[in-house]
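Residues per chain are reported as follows:
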Amino acid sequence: MGQDSMALVEPGRLAVINFGSKRDLPVTIVDIIDQRRAIIEGPQSGIERQYITLRRLALTRFVTPDVPRGCPSVELEKKLREHNTVGKWQQTNWAKKIAIKKLRANLNDFQRFQVRSLKRQRKTIIMTKCFKGETEPRCRLTRSQYARSQKRRAENASGKTKNQ
């Protein structure tokens, strides 16, 4: 891994809290206390300035440039807005997955049922197109396995069993 691709603990580095009640919230490292702790602040996510162990942070590749150690809150917020660091973060797949996870956690029983039935419909469409040769077979079943499963479904629907 080259020096350019490493995520270093530095003032201005955007990180995500990966433990506790504030899990999955983006924060910015403001200062480094020692090898294990840093001072963070998340004006965009409502987290006040506090220290946290580095084990509880997941570093991202985004850095807000020109953030001095111990940067005041007002100046930090201004630099974050100016460089659109949080906006860039929200465009990543990581942030999108976190947003989807939060959305799914707040679904009620009926909404979870709707998601499950829509997934089922999507899978059926993909499988039929896959085995008609319209798309590349990227499915877990081979064509023969799919044919056997369709045959079993037809037998079960008609009322036949193996013993008859």
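Our subject is the structure listed above.
Not measured: the values here are computed from a predicted model. (Residues numbered from 1 in each chain as written. Predicted model: local features only at pLDDT ≥ 70, side-chain atom pairs only at ≥ 80, totals over all residues. Heavy atoms only, no water.)

Turning next to the side chain of Asp24. Its place among the elements puts Asp24 in the loop between strand 1 (13-17) and strand 2 (26-32). A residue is classified by how much of its surface remains accessible, and Asp24, at 14% relative accessible area, is buried. Of note is the side chain of Asp24, whose polar atom sits 3.2 Å from the side chain of Lys101. Discounting chain neighbours no more than four positions away, the residues touching Asp24 are Val16, Ile17, Ile98, Lys101 and Lys102. (Helix = DSSP H or I, 4+ residues; strand = E, 2+ residues; numbered from the N terminus. Buried < 20%, exposed > 50% of the residue type's maximum accessible area, 1.4 Å probe, protein only. Polar contact = N/O pair within 3.5 Å; in protein donor to acceptor, adjacent residues only side chain to side chain. Contact = heavy atoms within 4.5 Å.)

So, about the environment of Asp31. Examined against the element boundaries, Asp31 turns out to sit in strand 2. Residues Asp31 and Arg69, 38 residues apart in the sequence, show an inter-C-alpha distance of 5.0 Å. Beyond its immediate stretch of four places on either side in the chain, Asp31 contacts Ala38, Ile39, Arg69 and Gly70. Of the polar contacts made by the side chain of Asp31, one reaches the side chain of Arg69; its length is 2.6 Å.

Moving on to the environment of Pro26. Tracing the sequence through the fold places Pro26 in strand 2. Sequence separation between Pro26 and Ala58 is 32 residues, and the spatial gap between their C-alpha atoms is 9.4 Å. Filtering out sequence-adjacent residues up to four positions away, Pro26 remains in contact with Leu14, Ala15, Val16, Gly42, Gln44, Ser45 and Trp89.

Oppositely charged side chains are able to pair whenever their charged atoms sit close together. If you walk through the whole model with that rule in mind, you get eight salt bridges. Note that Arg49 and Glu41 form a salt bridge whose closest N and O atoms lie 2.7 Å from each other. Arg49 gets classed as partly exposed once you look at its relative accessible area, which sits at 35%. One connected set of salt bridges, linked through shared partners, spans Arg23, Asp24 and Lys101. (Salt bridge = Lys/Arg side-chain N within 4 Å of Asp/Glu carboxyl O.)

With that out of the way, let us pick up the packing of aromatic side chains. How two aromatic rings sit relative to each other is given by the distance of their centres and the angle of their planes. All chains considered together, the criterion is met by two aromatic pairs. Here Trp89 and Trp94 contribute two aromatic rings whose centre-to-centre distance is 5.0 Å and whose plane-to-plane angle is 75°, an arrangement assigned as edge-to-face. Taking the ring centre of Tyr51 as reference, the NZ or CZ of Arg37 above it sits at 5.6 Å. (Phe/Tyr/Trp six-rings, centres within 6.5 Å; stacked < 30°, edge-to-face > 60°. Lys NZ or Arg CZ within 6 Å of the ring centre and 35° of its normal.)

Taken across its five residues, strand 1 has five buried, putting it largely inside the fold. Every second residue of strand 1 is oriented toward a common face, with Arg13, Ala15 and Ile17 on one face and Leu14 and Val16 on the other, all of them buried. Sheet topology note: the strand 1/strand 5 (residues 57-63) ladder contains four bridges and is antiparallel. What sits directly across from Arg13, in strand 5, is Val63. Bridging between strand 1 and strand 2 involves three bridges; their strand directions are antiparallel. (Pairing = 2+ DSSP bridges.)

The strand order 4-3-2-1-5 describes an open sheet built from five strands, whose pairing is antiparallel. Both edges of this open sheet fall to strand 4 (47-53) and strand 5, since each of them pairs with a single strand only. Looking at each pair of strands side by side, their axes are set apart by 40° on average, direction ignored. Of the strands in this sheet, strand 2, strand 3 (37-42) and strand 4 are in contact with helix 1 (residues 73-83), which crosses strand 2 at around 130°. (Axes fitted to C-alpha atoms, helices over the stretch in contact; angles between N-to-C directions.)

Turning our eyes to something else, we now look at unusual backbone geometry. In this model, Asp66 sits at a positive phi of 60°, which is unusual for a non-glycine residue. By the element assignment, Asp66 lies in the loop between strand 5 and helix 1. The exposed category is assigned to Asp66, whose relative accessible area is 62%. Located in the positive-phi region is Asn84, a residue other than glycine, with phi close to 55°. Position of Asn84 among the secondary structure elements: in the loop between helix 1 and helix 2 (85-90). Classification of Asn84 as partly exposed rests on a relative accessible area of 42%.

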